[in-house]
Amino acid sequence: MHARTDSGNTDSGNAGDGSTSDGNTGGGTSGGQDGESPGSCKRVLEPAEIRRVLTRIAHEILERTHGADDIVLLGIPTRGVPLAQRLAERAAEFEGRPVPWGSLDVTMYRDDLRLRPARALGRTELPADGIDGKTIVIVDDVLYSGRTVRAALDALTDLGRPRSVQLAVLVDRGHRELPIRADYVGKNLPTSQRETVRVHLAETDGEDAVLLGEWKGALA
Amino acid sequence: MNRHLISAADLSRDDALLILDTAEELARMSDRPIKKLPTLRGRTVVNLFFEDSTRTRISFEAAAKRLSADVINFSAKGSSVAKGESLKDTALTLEAMGADAVVIRHDASGAPHRLAGWIRGHVVNAGDGMHEHPTQALLDAFTIRRRLGRGTGGLDGVRVTIVGDVLHSRVARSNIALLNILGAEVTLVAPPTLLPIAVDGWSCEVSYDLDAVLPKSDVIMMLRVQKERMTAAYFPSVREYSRRYGLDAGRMAMLPEHAIVMHPGPMNRGVEIAAEVADSPRSTIVEQVANGVSVRMAVLYLLLGGAELTGEPR
């Protein structure tokens, strides 16, 4: 629980997954952040499970793309990026050759920019080969409304013309608001919209965990 | 961030660093095939220029267009201002047209401040009289940070020497304010006649001897001799000014190895800066122009991109 406040700060200051993982996009809960307080927090995935899940996704990606020919893994900041890196490293290990990965910031393409004060941008970093003609796997921590992924698709269009685009997420918590689904899912997590799903990663939060918390919001 | 950008002195260190970091990410976009972001789609930015300007107006226009905003250029020449319309009436006209932001350059110090009181949109000062030119200071700080490899931090301990017509220079005023906010040490070098009387109250050193300061400078910023604002004889002759305060190849050789030479433009080649200095690899003059677009994109994005703040500024 102590790490929760830390990551809360990172999220509000940062672009990507804040809204998807803390659940502010969906309910239209502008101004709800202040009233947010953790009720009970349940650990849904432990470090060992996250490790196994990522290994499985890496295998699935290799299977589906026939040995990772011309694939690029692009993580959405903040927590999609270390996930993309881990998946790429694992896939490279299994195939015995490097698998390119990078990051894709979607802040400037979001449809909820006007709901909150302007936020700092994340980094977009593509492999030297670019993305033209490649199979792109977008990687994010939590799939929720689908709006982040929609923004990512727009951002990709401005960067080049991939051959195809796939989506890998660590957690799918449902409640989609757009016709979007993931190709690779670490864990399907049925949630209510009042709950929060938080992903902690060693690279950004000091530990690996997926936490499910009750959101006791100020909404009447 | 405040609602308007009128003075560099209004920025907190965090604000300034947020603008520079945002500009850093946006600058990476200039290598892309599609140099456009959809962020300000449907927003209108008015460039309201009462004074001649090429680079600043074009820079703001490019910045707004790369963010997909609609841009309306309004220059005083050939407009109803030439027929005697007041700034306030012009402002109300723009307001009625639904300007979300007004970028204003005016020959009167304080005009942007007045404008901010009349319109609902955001006001960005693109240079007002002898007061301030905050986006120039931001792009200069951005250029220094990049060239000196300061990463994403401030400019703590960087020694910046500003040379020339400080008296008439809004660029100098904004730079001194912002450089102080970012932790740099500023030295002004100018003939006594071209220093404002109030310079004693500014947090910077003053020197009249350029040659003594050069070896202790990481950055040397040459200001344009602003003949159009000079109403009296501030120095005996251009040749004498150039000999004492101009930067030529000989003086450039006295700078430390890593030092850079800056100029906000437009330059008077042969007066404050020799052509061979302006064209040397140490000069950042062309870079400053490119960086200007990124910094102005960052400012427009941070002012216009998010929610409208109602109530007190953050």
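Residues numbered from 1 in each chain as written. Chains lettered and ligands numbered in written order. Predicted model: local features only at pLDDT ≥ 70, side-chain atom pairs only at ≥ 80, totals over all residues.

### A look at the overall build of chain A
Within chain A one finds 6 helices and 8 strands. Overall, chain A shows an N-to-C arrangement of helices and strands of α-α-β-α-β-α-β-β-α-β-β-β-α-β. Looking at chain A residue by residue over its 220 residues, the buried ones come to 45%. Sequence-distant contacts, at least 24 apart, represent 74% of the contacts inside chain A between residues at least 6 apart. (Helix = DSSP H or I, 4+ residues; strand = E, 2+ residues; numbered from the N terminus. Buried ≥ 20, exposed ≤ 12 C-beta atoms within 10 Å, placed from the backbone. Contact = placed C-beta atoms within 7 Å.)

### Describing the overall build of chain B
Along its length, chain B carries 11 helices and 9 strands. Against the 2.2 N^0.38 benchmark of 20 Å for 314 residues, chain B shows a C-alpha radius of gyration of 19 Å, consistent with a compact globule. Summarising its shape, the C-alpha atoms of chain B cover approximately 55 × 45 × 35 Å along the three principal directions. When each of the 314 residues of chain B is scored for burial, the buried share is 46%. By sequence separation, contacts in chain B at least 24 residues apart represent 77% of the contacts at least 6 residues apart. (Rg over C-alpha atoms; globule rule 2.2 N^0.38 Å.)

### Describing the confidence of the model for chain A
All names here are of chain A. A residue-level look at chain A finds 80% of positions with pLDDT of 70 or above and a mean pLDDT of 84. Mean pLDDT across the elements of chain A ranges from a minimum in helix H1 (residues 2-13), with 36, to a maximum in strand S5 (residues 164-172), with 98. Scored below 50 in pLDDT, residues 1-36 shows 90 contacts in the model against residues more than four places distant or in partner chains. (pLDDT = per-residue confidence, 0-100.)

### Description of the nonpolar core
With 141 residues, the main nonpolar core has Leu-73 and Leu-87 of chain A together with Leu-178 and Leu-300 of chain B as its most contacted residues. The leading source of residues in this core is helix H11 (residues 285-304) of chain B, at 10 residues. Residue contributions to this core reach at least three from each of two domains, namely domain 1 (8-133 + 290-304) and domain 2 (134-284) of chain B. (Core = buried A, V, L, I, M, F, W, Y, C linked by C-beta atoms within 7 Å. Domains from an automatic or database assignment.)

### Digging into the interface of chain B and chain A
The parts lose accessible area when they come together, and the size of an interface is often stated as this lost area. Contact with chain B, which involves 18 residues of that partner, is made by 16 residues of chain A. Those elements that provide at least two residues to the side of chain B that touches chain A are helix H1 (13-27) and H11 of chain B. Here the element with the most residues in the side of chain B that touches chain A is H1 of chain B; it accounts for 4 residues. Taken together, the residues of the side of chain B that touches chain A sort by class into 9 nonpolar, 4 polar and 5 charged. (Nonpolar A, V, L, I, M, F, W, Y, C, P; charged D, E, K, R; others polar.)

### A short note on the sheet that holds strand S3 (residues 101-103) of chain A
Residue and element names in this part refer to chain A. Read across the open sheet, the 5 strands follow the order S3-S2-S4-S5-S6; overall the sheet is parallel. Two strands bound the open sheet, and with one partner strand each, they are S3 and strand S6 (184-188). Across this sheet, the average inter-strand angle for adjacent strands is 25 degrees, counted without regard to direction. When strand S2 (residues 71-75) meets S3, the two strands line up parallel, connected through 3 bridges. Following the sheet pairing, Leu-74 is matched in S3 by Gly-102. Packing against the sheet, helix H3 (residues 47-64) makes contact with strand S4 (135-143), S5 and S6, and its axis sits at approximately 150 degrees to S6. (Pairing = 2+ DSSP bridges. Axes fitted to C-alpha atoms, helices over the stretch in contact; angles between N-to-C directions.)

### Remarks on helix H2 (residues 55-66) of chain B
All names here are of chain B. With 12 residues, H2 should cover 16 Å at 1.5 Å per step; its first-to-last C-alpha distance of 16 Å lies within 8% of that length. Residues of H2 that are buried include every one of Thr-56, Ser-59, Phe-60, Ala-63, Ala-64 and Arg-66, and no others. Taken around the axis of H2, the buried residues stretch over an arc of 165 degrees, which confines them to a single face. Contacts made by the buried residues of H2 are with strand S1 (44-49), strand S2 (70-75), strand S3 (101-106), strand S4 (122-128) and H11. The first or second residue beyond H2 is Ser-68, which carries a positive phi of 70 degrees. (Expected span 1.5 Å × (residues − 1). Arc of directions from axis to C-beta.)

### Quick word on unusual backbone geometry
Here the bond from Pro-77 of chain A into Thr-78 of chain A is cis, since omega is 5 degrees, no more than 30 degrees from zero. With respect to the helices and strands, the residue Thr-78 of chain A is situated in the loop between S2 and helix H4 (80-95). Looking along the chain, the bond that leaves Gly-265 of chain B and enters Pro-266 of chain B is cis, with omega of -10 degrees. Take Pro-266 of chain B: it is sitting in the loop between strand S9 (260-262) and helix H10 (275-278). Even without glycine at this site, Ala-68 of chain A takes up a positive phi of about 60 degrees. Assignment of secondary structure puts Ala-68 of chain A in the loop between H3 and S2.

### Examining the packing of helix H5 (residues 134-147) of chain B against H11 of chain B
Residues and elements named next belong to chain B. Where H5 contacts H11, the two axes come as close as 8 Å, and the packing angle between them is 115 degrees. Once H5 is placed against H11, the crossing between them reads as right-handed. Contacts between H5 and H11 pair Thr-135, Leu-138, Leu-139, Asp-140, Phe-142 and Thr-143 from the former with Glu-287, Gln-288, Asn-291, Gly-292, Val-295, Arg-296 and Val-299 from the latter. (Left-handed = near helix turned anticlockwise from the far one by under 90°.)

### Some details on the sheet that holds S9 of chain B
Residues and elements named next belong to chain B. In space, the 5 strands of this open sheet follow the order S7-S6-S5-S8-S9, with parallel pairing throughout. The sheet terminates laterally at strand S7 (205-207) and S9, the two strands that pair on one side only. Taking each pair of neighbouring strands and ignoring which way they run, the sheet shows an average axis angle of 20 degrees. Where strand S5 (residues 159-163) meets strand S8 (residues 219-222), 4 bridges bridge the pair, whose relative direction is parallel.

### Observations concerning the domain arrangement of chain B
Residue and element names in this part refer to chain B. When its domains are assigned, chain B resolves into domain 1 (8-133 + 290-304) and domain 2 (134-284). Taking only C-alpha atoms into account, the centre of domain 1 sits 25 Å from that of domain 2. Listed per partner, the contact involves 25 residues of domain 1 and 22 residues of domain 2. Ranked by residue count, the leading element in the side of domain 1 that touches domain 2 is H1, at 7 residues. Grouping the constituent residues of the side of domain 1 that touches domain 2 by class yields 12 nonpolar, 7 polar and 6 charged.

### Topic: the packing of helix H3 (residues 87-96) of chain B against helix H4 (residues 111-118) of chain B
All names here are of chain B. Interaxial distance between H3 and H4 falls to 10 Å at its minimum, and their mutual angle equals 50 degrees. As the angle between them shows, H3 and H4 are arranged oblique. Note that H3 runs across H4; the crossing there is right-handed. Together, Leu-87, Lys-88, Ala-91 and Leu-92 of H3 and Ala-111, Arg-114, Leu-115 and Trp-118 of H4 make up the contact between the two elements. Split by residue class, the contact of H3 with H4 holds 6 nonpolar, no polar and 2 charged. (Parallel < 35°, antiparallel > 145°, perpendicular 65-115°, else oblique.)

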